[in-house]
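Per-entry structural report
So you can see what is in the structure, the chains are spelled out below.
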Amino acid sequence: MASTYFVYIMASDTRVLYTGLTTRLHSRVEEHRASGCAGFGRRHRVSKLVYFESHVSRRIATLRMRQIRAWNRARRVAMVTAWNPAWTDLAAAWFEERAALVSGDG
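Below is a short write-up of the structure. Everything quoted here is computed from the prediction, not taken from an experiment. Residue positions are counted from 1 within each chain, in the order its sequence is given. Note on the predicted model: pLDDT of at least 70 is required for a residue's local features to be given, and 80 or more for side-chain atom pairs to be given and counted; whole-chain, interface and lining totals, by contrast, use all residues. The side-chain numbers reported here are obtained from all heavy atoms of the structure, hydrogens and water having been left aside.

Some details on the pattern of salt bridges
Spelled out, the test is: For salt bridges, the criterion is a side-chain nitrogen of Lys or Arg within 4 Å of an Asp or Glu carboxyl oxygen. To qualify as a helix, a DSSP run of H or I must reach at least 4 residues; to qualify as a strand, a run of E must reach at least 2; elements of each kind are numbered from the N terminus.
Considering all chains together, one arrives at 4 salt bridges under this definition. Between Arg33 and Asp89 there is a salt bridge, with its nearest N and O atoms 2.5 Å apart. In this pair, Arg33 sits in helix H1 (residues 25–33) while Asp89 sits in the loop between helix H4 (73–83) and helix H5 (92–103), placing the two residues 56 residues apart along the sequence. Salt-bridge contacts for Arg64 lead to Glu53; the nearest nitrogen and oxygen are separated by 2.8 Å.

Things to note about the packing of aromatic side chains
Worth spelling out the cut-off: The pairing test for Phe, Tyr and Trp rings, Trp by its six-membered ring, is centres within 6.5 Å, and the orientation test on the planes gives stacked under 30 degrees, edge-to-face over 60, and tilted for anything in between. Partly exposed describes any residue whose relative accessible area lies between the buried limit of under 20% and the exposed limit of over 50%, with all areas from a 1.4 Å probe on protein chains only and scaled to the type maximum. Charge over a ring is defined by NZ of Lys or CZ of Arg lying within 6 Å of the ring centre and within 35 degrees of the ring normal.
On inspection of all chains with the given rule, the structure shows 4 aromatic pairs. Summarising the aromatic geometry, the rings of Phe6 and Phe52 are spaced 6.4 Å apart at their centres and angled 65° between planes, so their arrangement reads as edge-to-face. Of this pair, Phe6 sits in strand E1 (residues 5–11) while Phe52 sits in strand E3 (residues 48–55), and the two are 46 residues apart along the sequence. Taking relative accessible area as the criterion, Phe52 reaches 27% and is therefore assigned partly exposed. Cation over ring: Arg15 sits above Trp87, and NZ or CZ is 4.2 Å from the ring centre.

Here's the deal with the environment of Trp87
Note the cut-off: Between two residues, a contact is recorded if the distance between any of their heavy atoms is within 4.5 Å. In the analysis that follows, any N or O atom pair within 3.5 Å is treated as a polar contact, provided that within protein one partner can donate a hydrogen and the other can accept it, and provided that, for residues neighboring in sequence, both atoms belong to side chains.
Here Trp87 lies in the loop between H4 and H5. Using a relative accessible area of 2% as the deciding quantity, one classes Trp87 as buried. Between the C-alpha atom of Trp87 and that of Val50, which follows or precedes it by 37 residues, the distance is 5.8 Å. Aside from chain neighbours lying at most four places away, what touches Trp87 is Ala11, Arg15, Leu17, Lys48, Val50, Val77, Val80 and Thr81. Within polar-contact distance, the side chain of Trp87 engages the side chain of Thr81 at 3.0 Å.

Some words on H4
To keep things clear, this is the line we draw: Comment: arc refers to directions from the helix axis out to C-beta atoms.
Here H4 has its buried residues at Arg76, Met79 and Val80. Buried residues of H4, viewed axially, fall in a sector of 95°; they line one side. Exposed positions of H4 whose direction lies more than 90 degrees from the buried face are Ala74 and Ala82. Its buried side turned inward, H4 meets E1, strand E2 (17–22), E3 and helix H3 (58–70). Of the residues that open H4, the one with a side-chain oxygen 3.2 Å from the backbone nitrogen of Ala74 is Asn72.

This is the structure in structure tokens:
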């Protein structure tokens, strides 16, 4: 069974950026939001999904993640801004839906 690999960028409220790779985008974003990620993600409180792309090849996804990580900050910010001008949390609705179901509003 083929997997989909996601290269993603998380941001903090102060726009500290974290670039990662996963096959479980929803779960990985949830881990970041709950500060369940050790190291950089926890220290800088990156909790907003501001960019992602999907790949069918792990090799290509890994190369793309490394490429983005090698860019300077200005280039990463420009890419996120071009793709998500308002820097909105692309995963916010995923967790609002769950909160509504848990609270009985959904």
